[in-house]
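Close look at the chain arrangement
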Amino acid sequence: PTQAGLALLPLMLGLLITSIASGRIISRVGRYRLFPIAGTMTAAIGMYLLSGVTVDAPYWRIAIGMLVLGFGLGMVMQVLVLAVQNAVSPREIGTATSSATFFRQMGGSFGTAIFGAIMTSRLAAALLEAVPPGTTIDPSTLTGSPAFISSLPEPLQSNVREAFVTALTGVFVWAIPVCLVAFVFALF
């Protein structure tokens, strides 16, 4: 868990940088329309970069994709709350902010469920293909611990790792159109 958290630092760094920068620019300029437009397109580019990851991809390549995705998310998340707050009267700011937060969390829950289902179905199919016919290994046991996967004989171990990467990159491929739809909505 610690290594996974540390591996996500580029994503959080990108989000932090653009959240702070966009906030400061908006404070100076007073306009925020450009940020959701640029942010959704930048997030789509980040998803595209992550969709091309392979088993043997160096970490720096993955980190660049996460950093770009973080840049995009940082330009969108807080700016949309600001847009909602500016769209209502001062008496309704609390309600509007809590509603925006609620719907963001609902969208995150639905997104997690949908993209989790995409990954799970792709992983199940890829693991069936990864196990050679006549092998006594049940493909459903291959989603266990990394230690178990490391203990597999080499051809099967590589196939299982490739199955995981195929399933994960498929999620990023499906997320690109979602970001592009958000881009179109941001234009309006």
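Residues numbered from 1 in each chain as written. Predicted model: local features only at pLDDT ≥ 70, side-chain atom pairs only at ≥ 80, totals over all residues. Heavy atoms only, no water.

**Section: the overall build of the protein chain**
Where we set the bar: Only DSSP runs of H or I covering at least 4 residues are called helices, and only runs of E covering at least 2 are called strands; the numbering of each starts at the N terminus. Classification of residues uses two cut-offs on accessible area relative to the type maximum, computed with a 1.4 Å probe and protein chains only: under 20% is buried, over 50% is exposed, and between them is partly exposed. Whether two residues touch is decided by their heavy atoms; if any such pair falls within 4.5 Å, the residues are in contact.
Broken down by element type, the protein chain carries seven helices and zero strands. When the helices and strands of the protein chain are read in sequence order from the N terminus, they spell out α-α-α-α-α-α-α. Taking the principal axes of the C-alpha coordinates as reference, the protein chain spans close to 70 × 30 × 30 Å. Counting every position in the protein chain, which comprises 188 residues, the buried fraction comes to 32%. Summarising the internal contacts of the protein chain: among those between residues at least 6 apart in sequence, 69% fall at separations of at least 24.

**Examining the packing of helix 3 (residues 34-51) against helix 7 (residues 154-187)**
Basically, it comes down to this: Orientation is described by lines fitted to C-alpha atoms, with helices fitted over the stretch in contact, and by angles between N-to-C directions that extend from 0 to 180 degrees. Oblique is the label for any angle not under 35 degrees, not over 145, and not in the 65 to 115 range, which are roughly parallel, roughly antiparallel and roughly perpendicular in turn. What makes a crossing left-handed is the near helix being turned counterclockwise from the far one by less than a right angle; a clockwise turn instead makes it right-handed. Amino acids are sorted into nonpolar (Ala, Val, Leu, Ile, Met, Phe, Trp, Tyr, Cys and Pro), charged (Asp, Glu, Lys and Arg) and polar (every other residue, Gly among them).
Where helix 3 contacts helix 7, the axes come no closer than 8 Å and their chain directions differ by 165 degrees. In this view, helix 3 runs roughly antiparallel relative to helix 7, as classed from their interaxial angle. For the pair helix 3 and helix 7, the sense of crossing is left-handed. Touching P36, I37, T40, M41, A43, A44, M47, Y48, L50 and S51 of helix 3 are T169, F172, V173, A175, I176, C179, L180, A182, F183, A186 and L187, all from helix 7. Looking at the contact of helix 3 with helix 7, its residues break down into 18 nonpolar, three polar and no charged.

**So, the packing of helix 4 (residues 59-86) against helix 5 (residues 93-130)**
Orientation of helix 4 relative to helix 5, taken along the N-to-C sense of each, is 145 degrees, at an axis distance of 9 Å. The interaxial crossing formed by helix 4 with helix 5 has right-handed handedness. Residue-level inspection shows M77, Q78, V81, V84 and Q85 of helix 4 in contact with helix 5, the latter providing I93, A96, T97, A100 and R104. Considering only residue class, the contact of helix 4 with helix 5 consists of six nonpolar, three polar and one charged.

**So, the side chain of T40**
Convention followed: Any N or O atom pair separated by 3.5 Å or less is treated as a polar contact, with the protein-specific requirement of one donor-capable and one acceptor-capable atom, and with residues adjacent in sequence counted only for side-chain atom pairs.
Along the chain, T40 falls in helix 3. A polar contact is formed between the side chain of T40 and the backbone oxygen of P36, at a distance of 2.9 Å.

**Brief notes about a nonpolar patch on the surface**
How we decide: Patch membership requires more than 30% relative accessible area and the absence of a salt bridge. Residues of like charge join within 9 Å; the nonpolar side chains Val, Leu, Ile, Met, Phe, Trp and Tyr join within 5 Å. Note that accessible areas follow from Shrake-Rupley with a 1.4 Å probe, and for residues the cover is restricted to the protein chains shown. The working definition used for a salt bridge is a side-chain nitrogen of Lys or Arg within 4 Å of a carboxyl oxygen of Asp or Glu.
There is a patch of nonpolar side chains on the surface, built from I45, Y48, L49, W60 and I64 and spanning about 530 Å² of accessible area. As for its placement among the helices and strands, I64 is situated in helix 4. Relative accessible area serves as the criterion here: at 41%, I64 is assigned to the partly exposed category.

**With respect to the packing of aromatic side chains**
What counts is decided by this rule: Any two rings among Phe, Tyr and Trp, with Trp reduced to its six-membered ring, count as a pair given centres within 6.5 Å; such a pair is stacked if its planes are under 30 degrees apart, edge-to-face if over 60, and tilted if neither.
Scanning the model with the defined rule gives one aromatic pair in all. For the ring pair F102 and F103, a centre distance of 5.2 Å and an interplane angle of 70 degrees mean the geometry is edge-to-face. Look at F102 and you get partly exposed, because its relative accessible area is 43%.

**Brief notes about the nonpolar core**
The criterion, for reference: Nonpolar cores are built from buried Ala, Val, Leu, Ile, Met, Phe, Trp, Tyr and Cys residues. Side-chain atoms within 4.5 Å join them into one set.
Counting 13 residues, the largest nonpolar core has M47, L50, L69 and C179 as the members making the most contacts within it. For this core, the secondary structure elements donating two or more residues are helix 3, helix 4 and helix 7. Leave out the neighbours within four places in its chain, and L69 touches L11, A43, G46, M47 and L50. One finds V131, L142, I149 and L152 within the second-largest nonpolar core, a separate group that totals 12 residues.

**Some points on the confidence of the model for the protein chain**
The condition is simple: The quantity known as pLDDT measures the predictor's confidence residue by residue, on a range of 0 to 100.
Looking at the protein chain as a whole, the pLDDT averages 90, with 99% of positions reaching at least 70. Within the protein chain, the element-level pLDDT minimum falls on helix 6 (residues 146-150), averaging 79, and the maximum on helix 3, averaging 96.

**Remarks on the environment of I137**
As for its position among the elements, I137 is in the loop between helix 5 and helix 6. C-alpha of I137 to C-alpha of L152: the two residues are 15 residues apart in sequence and 9.8 Å apart in space. The contacts of I137, once residues within four sequence positions are left out, are V131, L142, L152 and L156.

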